[in-house]
Amino acid sequence: MQPNEKIKFFDMLSDVMSYYKQDASEFMLGVFWDACKGVEYEQVCKAINSHVKDPDKGQFAPKVADIVRLLIGTKTDRSALAWGRVYESLCTVGAYQDVVFDDPAIHAAIADCGGWVKMCRSDTKDLSYLQHRFTQSYQAYVNRGDFEYPKVLIGDRATDDLFAKRGLKPPKPVLIGDKKKAEEIYLLG
């Protein structure tokens, strides 16, 4: 949300709390704002509407965690989705190309699992173990917040020096997911 949407957000949230016969304190509004400010206003409204309509949880006033869960999912949800993206890339991109995902936690978790090439060359019978190991590592990095990660996951290809000796530029890594975010990961890693 944009800073100019703060009043509109506070008014909407106050109306929601009024529906549940709850007060909207400054502290509560600030906590909600801090948790939701990185998301579009329309998405927040949609998440609140989903909460209100939920037959199990909608009978109670929304808490920040309820809305965040609806907006970005649980850590388990996100790690499962991340594994899906990694698995698809293992199958489509393969071990011979460098890759850059749009999520630094994916990079860190793949590094923990032995790297891109090792994951690509894992035996099919070991995939469930690899998935478990990846998702556990991914969740740990998401919990940590700040962490180091490789800017690119190196494939099994010739070294950049060999390309330079032959007067060639090394191949660019394959960007996976949101191209703009993947480029940021590459620059910041």
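None of the values given here were measured: they were computed from a predicted structure. (Residues numbered from 1 in each chain as written. Predicted model: local features only at pLDDT ≥ 70, side-chain atom pairs only at ≥ 80, totals over all residues. Heavy atoms only, no water.)

1. Regarding the packing of aromatic side chains
Summed over all chains, the structure comprises ten aromatic pairs. These aromatic residues form a ring-pair network of at least three members: Trp83, Tyr87, Phe134 and Tyr138. Taking NZ or CZ as reference, Lys151 lies 4.5 Å from the ring centre of Tyr186, over its face. (Phe/Tyr/Trp six-rings, centres within 6.5 Å; stacked < 30°, edge-to-face > 60°. Lys NZ or Arg CZ within 6 Å of the ring centre and 35° of its normal.)

2. Digging into the packing of helix H3 (residues 41–53) against helix H4 (residues 64–72)
For the pair H3 and H4, interaxial distance at closest approach is 9 Å and the crossing angle is 115°. You can see that H3 and H4 cross each other, and the crossing is right-handed. Residues Gln43, Val44, Ala47, Ile48, Ser50 and His51 of H3 touch H4, and the partners they reach there are Asp66, Ile67, Leu70 and Leu71. Considering only residue class, the contact of H3 with H4 consists of six nonpolar, three polar and one charged. (Axes fitted to C-alpha atoms, helices over the stretch in contact; angles between N-to-C directions. Helix = DSSP H or I, 4+ residues; strand = E, 2+ residues; numbered from the N terminus. Left-handed = near helix turned anticlockwise from the far one by under 90°. Contact = heavy atoms within 4.5 Å. Nonpolar A, V, L, I, M, F, W, Y, C, P; charged D, E, K, R; others polar.)

3. Section: helix H5 (residues 75–92)
Every α-helix carries 3.6 residues per turn, so stepping three or four residues along brings you back to the same face. The end-to-end C-alpha separation of H5 is 26 Å, in line with the 26 Å expected for 18 residues at 1.5 Å each. Within H5, burial applies to Ser79, Ala82, Trp83, Val86, Ser89 and Leu90. Around the axis of H5, the buried residues are gathered within 130° of arc, so they sit on the same side. When the buried face of H5 is taken as reference, the exposed residues oriented beyond 90 degrees from it are Leu81, Glu88, Cys91 and Thr92. (Expected span 1.5 Å × (residues − 1). Buried < 20%, exposed > 50% of the residue type's maximum accessible area, 1.4 Å probe, protein only. Arc of directions from axis to C-beta.)

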